[in-house]
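Results of the structural survey
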Amino acid sequence: MAVSAGEAVSGPRVVLVTGASGGVGRGIAVACGRAGWTVWIAARRQAQAAEVAAEVDAAGGAGRAIVCDVADPTSVASVVAAVVERDGRLDGVVHNATSGLSPRPADLADVPLVDVGDHVAVSLRGTYLLARAAFRPLRDAGGAYVVLTSEAGFEGKARLPVYAAVKAAQRGVARALAREWGPQGIRVNCLAPLAATPAMEQAFALDPAMAARVLGRNPLGHLGDAADDIGPVVRFLLSDDARYVNGLTVMADGASCPIT
Amino acid sequence: MRSPLLIGTEHTSVADLAAVLGAEAEVMPSAEAEGDGLDWTWAAALEAWRAEATARPPVSRVVVAPWEPVARPAPLVQLDLADWVRRAEVAIARWVAAFGVAKARCADGGAVVALVDRAAPLDCAGWAAETGVADAVEALVRSLARSEGPRGVRVNAVTTPARLTALPVVDPAPPLAAFPGSVLLEAAGAVRLLLEPDAIGLTGTVVHADCGRSWR
């Protein structure tokens, strides 16, 4: 669905979304495309990123696919530079990428620390590297930074403790960054979604009781749609409609999480 | 009741904490990152220690405080890679390893309390890495509270701004004039509280021993 003329989502914007070749990231990209925005699809998978870029085009925006490893300082810096070189500005950054190990159960007594390192590198180091690379263009644009976290970061997860930890850590970094960047005119917020994604399907497959646990406590009774339920919330946080929203974690989870 | 076990580093503040709690120390190695540290090879020492320490006998009460010296406050975008790794990534690895040992060593029906540095939200600018680590610890505590609850183990956390606060802070002033408090008085007191049998109904709780600076 396209955004109607009456919906104030600001003028044309240039935004960068990591981990956007599928799942929630794809939904965010498509939602931003519906507003006519230019959306850079940053992902490790070039072919899938190009497919999402085409979806953004079809939705009314301008999609651009670019390969990015958010754990690699050189890759992140070059991606941000490419955005600014081509489009002349960067209004918003969305860090959505997570480790491929996210749905894999782990026990703190013996989880390989190299696995912990992978979680940390993608989610948390990525948050830092994107902040460092995008600070100047975001400041110049009076832009916004949105970090995708999870309800796991609020309440912990018995079988996914490392995932929960890095998702919580992102919230902490964003809270501090909102205070550091506010005087520069940049807003920083987090979003905790609960969405139907391939990663969620994988988690349900690895832990069959998980589906009942996740949906049983959700008063809306279903998972969110990445493009229709989650993406528009991120678009709001990136837009001028949210110009006084800063340092917040928004829950887009149908009131599933008992902690806010 | 036997002395609690304190899982921590060789840092002097950890030794002081062990003294005021009457705790026996399980000392973990420092993980020194070489170069920029992005490859996490430095974590091997922590992993080796964890494997040894988890095999030692169980105890009924465990305090986790894997602290290192506090860095200077700095805006996130001014941290170079090595600083970031040391302040955020190495710190999280230490906590994960320490919690792994706590999980293995805490006997059924026992209690685990983590004590973590955390600047209050009003005062966290300049402490992005440390604020991230503190929130990670809260999530690890809640994860362990969930996984260990069925065997009667309680897992809670205490946060302290004592090492991360430079006075004066922005108004309004905290309710208690003792702000930011100290590790050995206010923070240690909250740790004792959560270790006590009177805390039998508390798990997954985070107590901010910050003299009322933050109430979240």
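Residues numbered from 1 in each chain as written. Chains lettered and ligands numbered in written order. Predicted model: local features only at pLDDT ≥ 70, side-chain atom pairs only at ≥ 80, totals over all residues.

**A few points about the sheet that holds strand β3 (residues 59-65) of chain B**
Note on sheets: strands pair through backbone hydrogen bonds, and any given pair is parallel or antiparallel. Residues and elements named next belong to chain B. Formally: Here, a strand pair is defined by DSSP locating no fewer than two bridges between the strands. Numbered from the N terminus, helices here are DSSP runs of H or I no shorter than four residues, and strands are runs of E no shorter than two. Interaxial angles span 0 to 180 degrees and are taken between N-to-C directions of axes, which are lines fitted to C-alpha atoms, for helices over the stretch in contact. Residue pairs are scored as contacts if the distance between their C-beta atoms, which are placed from the backbone, is within 7 Å.
Read from one edge of the open sheet, six strands run β2-β1-β3-β4-β5-β6, paired in parallel fashion. With partners counted over all chains shown, the strands left at the sheet margins are β2 (24-27) and β6 (206-208), one partner each. Going across the sheet, the axis of each strand differs from the next one's by a mean of 20°, ignoring polarity. Direction of pairing for strand β1 (residues 5-8) relative to β3: parallel, over a ladder of four bridges. In the sheet register, Ile7 faces β3, and the bridge partner there is Val64. Packing against the sheet, helix α4 (residues 128-148) makes contact with β4 (106-117), β5 (154-160) and β6, and its axis sits at approximately 165° to β5.

**So, the environment of Pro161(B)**
Residues and elements named next belong to chain B. Inspection of the secondary structure puts Pro161 in the loop between β5 and α5 (183-195). Placed 149 residues apart in sequence, Pro161 and Thr12 show a C-alpha to C-alpha distance of 17 Å. Among residues more than four places away in sequence, those in contact with Pro161 are Arg118, Ala119, Ala120, Asp123, Pro180, Asp210 and Arg213.

**Here's the deal with helix α2 (residues 43-53) of chain B**
Residue and element names in this part refer to chain B. Under the convention used in this document: Partly exposed residues are those whose C-beta has more than 12 but fewer than 20 other C-beta atoms within 10 Å; 20 or more makes a residue buried and 12 or fewer makes it exposed, with C-beta atoms placed from the backbone. The directions considered for the arc are those from the helix axis to the C-beta atoms.
When α2 is considered as a whole, its buried residues turn out to be Ala43, Leu46, Arg50 and Ala53. Looking straight down α2, one finds its buried side chains confined to an arc of 90°; they lie on one side. Along α2, exposed side chains directed more than 90 degrees from the buried face belong to Ala44, Ala48 and Glu52.

**Describing the pairing of strand β6 (residues 187-193) of chain A**
Residue and element names in this part refer to chain A. Among the seven residues of β6, seven are classified as buried, and the element is accordingly described as predominantly covered. Both faces of β6 are covered, namely the face carrying Arg187, Asn189, Leu191 and Pro193 and the face carrying Val188, Cys190 and Ala192. Alignment of strand β5 (residues 144-148) against β6, held across five bridges, turns out to be parallel. The residue bridging Leu148 from the neighbouring strand is Leu191, located in β6. Two strands pair when backbone bridges link them, and β6 and strand β7 (residues 249-252) are joined in this way by four bridges, in the parallel orientation.

**Section: the confidence of the model for chain B**
Put simply, the rule reads: The pLDDT value expresses, per residue, how confident the predictor is, ranging between 0 and 100.
Per-residue pLDDT for chain B averages 95, and the proportion of residues at 70 or more is 99%. Both scores are available for the predicted complex, with the pTM at 0.96 and the ipTM at 0.97.

**Details of the packing of helix α4 (residues 113-141) of chain A against helix α3 (residues 81-105) of chain B**
Heads up, the rule is: With the far helix as reference, a near helix turned anticlockwise by less than a right angle produces a left-handed crossing, and one turned clockwise produces a right-handed crossing.
Their axes nearest at 11 Å, the elements α4(A) and α3(B) cross at an angle of 140°. The two elements α4(A) and α3(B) meet at a crossing, and its hand is right-handed. Contact with α4(A), carried on its side by Leu113(A), Val116(A), Val120(A), Leu124(A), Arg125(A) and Tyr128(A), involves Trp84(B), Ala88(B), Glu89(B), Ile92(B), Ala93(B), Val96(B) and Ala97(B) of α3(B) and no other residues of that element.

**Looking at the sheet that holds β6(A)**
Residue and element names in this part refer to chain A. The strand order β3-β2-β1-β4-β5-β6-β7 describes an open sheet built from seven strands, whose pairing is parallel. Two strands lie at the open edges of the sheet, namely β3 (62-67) and β7, each paired on one side alone. When the angles between neighbouring strand axes are averaged without regard to direction, this sheet yields 20°. Here helix α2 (residues 46-59) sits on the sheet in contact with β2 (38-43) and β3, set at roughly 170° to β3.

**With respect to the nonpolar core**
A general trend in soluble globular proteins is that nonpolar side chains are found buried together. Using the following cut-off: When buried Ala, Val, Leu, Ile, Met, Phe, Trp, Tyr and Cys residues are joined through C-beta atoms within 7 Å, the set is termed a nonpolar core.
Within the largest apolar cluster, 163 residues are counted, with the highest numbers of intra-cluster contacts made by Val17(A), Ile41(A), Ile92(B), Val113(B), Ala136(B) and Val191(B). When sequence neighbours within four positions are dropped, the list of residues in contact with Val17(A) reads Gly25(A), Ile28(A), Ala29(A), Val39(A), Trp40(A), Ile41(A), Ala42(A), Val94(A) and Asn96(A).

**Let's talk about the packing of helix α6 (residues 161-181) of chain A against α4(B)**
Basically, it comes down to this: By the convention adopted, Pro, Cys, Tyr, Trp, Phe, Met, Ile, Leu, Val and Ala count as nonpolar, Lys, Arg, Asp and Glu as charged, and the other residues, Gly among them, as polar.
Two numbers describe how α6(A) lies on α4(B): the axes approach to 7 Å, and their chain directions differ by 150°. Crossing of α6(A) against α4(B): the hand is right-handed. Its residues assigned to classes, the contact of α6(A) with α4(B) comprises 16 nonpolar, five polar and five charged.

**What about unusual backbone geometry?**
In the segment running from Leu167(B) into Pro168(B), the intervening peptide bond is cis, with an omega of 0°. Looking at where Pro168(B) falls in the secondary structure, it is placed in the loop between β5 and α5. Even without being a glycine, Ala255(A) presents a positive backbone phi close to 70°. By the secondary structure assignment, Ala255(A) is in the segment after β7. Judged by the 12 C-beta atoms lying within 10 Å of it, Ala255(A) falls in the exposed class. At Trp40(B), a residue that is not glycine, the phi angle is positive and equals roughly 65°. Relative to the assigned elements, Trp40(B) resides in the loop between β2 and α2.

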